[in-house]
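Per-entry structural report
In case you want the letters, here they are:
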Amino acid sequence: MILMRQISHFFLILLLLVLLSSCRADRDVTVLKLAHGLDVSHPVHQGMVYMADQVRERSNGKMTIDIYPSQQLGTEREALELLQIGSIDMTKVSSSVLEGFDRIYTIYSVPFLFESIEHAYRVWDSPVGRRLLHAGHDIRLHGLTYYDAGARSFYTKERPIRHPDDLQGMAIRVQESPAAIRMVNLMGGSATPISWGELYTSLQQGIVDGAENNLPSIYLSRHYEVVDYLSMNEHTAVPDILFISLFRWNRLSDQERSWLQAAADASARHQRKLWHASSEESLQGIRDAGIDVIYPDKVPFMEKMEPIYRDLEQDSVMGPLMNQIRELAP
């Protein structure tokens with residue numbers, strides 16, 4: 001009995017030593033929690049998975065990123081708010097959603113701001129783009145990189161959009177973005193903010209007549225099942241932005257910041273290739289589903305945006321910023 005008790009004590013001490021060793025090992029690894037609302041098949045999610053692999057590789061396992069997709073920890077806006085108070089470490093957010101947090105991000109929702117995707121890349125990679133990434137410090141966010149979220153176009157149920165006048169009387173779903181709401185209303189439509197998760201049913205039941213988004217989002221959400229037309233007017237190219245909580249960023253060592261930033265930059269380059277491939281695949285899938293794909297003249301849509309351009313040009317902050325972006329066109 002005494003021997004059994006001694007053996008039990010030995011194994012208890014051994015177990016405690018193992019647990020203490022495990023705790024010490026865990027403390028030696030910096031784990032970042034990243035939450036977002038996209039499906040795992042989305043190219044932006046895949047870009048973030050690439051970043052996590054890069055972080056682990058560059059740090060030799062001393063830094064890792066745990067990813068929680070598909071709104072597991074809340075909607076896009078909720079994740080952003082959790083980031084601000086430091087409850088989670090990182091998130092991806094559309095720059096349109098940021099308009100309610102800092103008006104400077106409205107610039108990326110300006111219709112027809114970029115002449116091409118190459119123009120957008122040049123801006124995001126420039127000092128102007130970096131300055132906008134770090135503008136989030138005032139709202140306790142540190143921007144790491146941009147992810148390509150493509151050009152947004154209209155897709156509708158009852159009739160195609162060949163001209164802005166075709167939007168008259170149509171309820172068009174938009175994000176909770178004042179800029180997107182104004183854009184659709186200026187074109188003659190009735191902008192209707194609805195959450196992304198409710199959009200399929202809203203289209204199906206006729207609550208809205210259409211929506212606007214990029215090709216992979218339209219395809220991967222299977223919205224082609226409940227609409228008949230896609231009008232490729234490509235009115236905006238709103239990037240996704242990867243943020244880390246400023247609280248968490250300030251607690252990282254210089255070496256950890258270097259690993260994370262290098263991994264984020266590498267993931268952005270990788271994600272652009274993924275996005276291009278996914279966009280081509282999505283467009284083909286939309287065509288194969290029988291959707292009528294239309295390429296309207298963009299000029300009438302741009303002309304409707306003149307009130308937006310006039311207001312921005314008169315703004316002491318947004319006007320110079322818009323001109324700097326235009327000057328970076330290839």
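See the structure printed just above.
Please read all numbers here as calculations on a predicted model, not as lab measurements. Every chain is numbered on its own, with residues counted from 1 as its sequence reads. For a predicted model such as this one, the threshold for reporting local features is a pLDDT of at least 70, and the threshold for listing and counting side-chain atom pairs is 80 or more; totals across whole chains, interfaces and linings nevertheless cover every residue. Only hydrogens and water are set aside when side-chain values are computed; all heavy atoms of the structure are taken into account.

Let us look at the overall build of the chain. The secondary structure listing takes helices from DSSP runs of H or I that are at least 4 residues long and strands from runs of E that are at least 2 residues long, numbered from the N terminus. Looking only at helices and strands, one finds 13 helices and 11 strands in the chain. Projected onto the principal axes, the alpha-carbon positions of the chain cover approximately 90 × 45 × 30 Å. In the chain, which comprises 330 residues, the proportion classed as buried is 52%. Contacts between residues were defined by any pair of non-hydrogen atoms, one from each residue, lying within 4.5 Å. Residue pairs at least 24 apart in sequence account for 74% of intrachain contacts in the chain once pairs closer than 6 positions are excluded. Values of accessible area rely on a 1.4 Å probe in the Shrake-Rupley scheme; residue burial ignores everything except the protein chains shown. For the chain, the computed accessible surface area is about 15,500 Å², with 52% contributed by carbon and sulfur atoms. Of the side chains in the chain, 32 bear a positive and 42 a negative charge, and the two mean positions are spaced by 7 Å. Partly exposed residues are those whose accessible area sits between 20% and 50% of the maximum for their type, while under 20% is buried and over 50% is exposed, using a 1.4 Å probe and protein chains only. Positive charges come from Lys and Arg, negative ones from Asp and Glu, while His and the chain ends are left out of the count. Where a charge sits is defined by one atom per residue type, namely NZ (Lys), CZ (Arg), CG (Asp) or CD (Glu).

On to the nonpolar core, then. Residues belong to a common nonpolar core when they are buried Ala, Val, Leu, Ile, Met, Phe, Trp, Tyr or Cys residues joined through side-chain atoms within 4.5 Å. By size, the foremost hydrophobic cluster in this structure holds 51 residues, and its most contacted members are Ile107, Tyr108, Phe114 and Phe243. In contact with tyrosine 108, other than residues within four places in its own chain, are Ser95, Leu113, Phe114, Val123, Trp124, Gly129, Leu132, Tyr146, Ala237, Val238 and Pro239. By size, the runner-up hydrophobic cluster in this structure holds 24 residues, among which are Met48, Trp249, Leu260 and Ala268.

Take the sheet that holds strand E2 (residues 63–68) next. DSSP calls a pair of strands paired once it identifies at least 2 bridges connecting them. If you walk across this open sheet you meet the 5 strands as E2-E1-E3-E10-E4, and the pairing is mixed. Two strands bound the open sheet, and with one partner strand each, they are E2 and strand E4 (141–147). Averaged over neighbouring strand pairs, the angle between their axes works out to 25° when direction is ignored. With 6 bridges joining them, strand E1 (residues 30–35) and E2 adopt parallel strand pairing. Each residue of the ladder has a partner; that of leucine 32, found in E2, is isoleucine 65. Convention adopted: a line fitted to C-alpha atoms gives each axis, helices being fitted over their contacting stretch, and angles between N-to-C directions are expressed from 0 to 180 degrees. Along the sheet, helix H3 (residues 76–84) contacts E1, strand E3 (90–94), E4 and strand E10 (240–245); its crossing angle with E3, the most-contacted strand, is approximately 135°. Against the sheet, helix H10 (residues 254–288) engages E1, E2, E3, E4 and E10, with an angle of about 30° to E4.

Our focus in this paragraph is the pattern of salt bridges. Here a salt bridge means any side-chain nitrogen of Lys or Arg lying within 4 Å of a carboxyl oxygen belonging to Asp or Glu. With the rule as written, the count across this model stands at 13 salt bridges. Linking arginine 77 and glutamate 81 is a salt bridge whose minimum nitrogen-to-oxygen distance equals 3.6 Å. Taken together, the residues arginine 77 and glutamate 81, both in helix H3 and 4 residues apart, mark about one turn of the helix. Since its relative accessible area comes to 36%, glutamate 81 is described here as partly exposed. A salt bridge links arginine 326 to glutamate 313, with the shortest nitrogen-to-oxygen separation between them at 3.7 Å. Taken as a pair, arginine 326 in helix H13 (residues 318–327) and glutamate 313 in helix H12 (residues 306–313) lie far apart in primary sequence, 13 residues in all. According to the relative accessible area criterion, arginine 326 is partly exposed, its value standing at 35%. Ionic contacts of the salt-bridge type, sharing partners, join the residues Glu76, Lys92 and Asp240 into one network.

Within E4, 7 of the 7 residues are buried, which leaves it mostly tucked inside the rest of the structure. Pairing of E4 with E10 involves 6 bridges; the strand directions are antiparallel. Note that in E10 the partner of leucine 141 across the bridge is serine 245.

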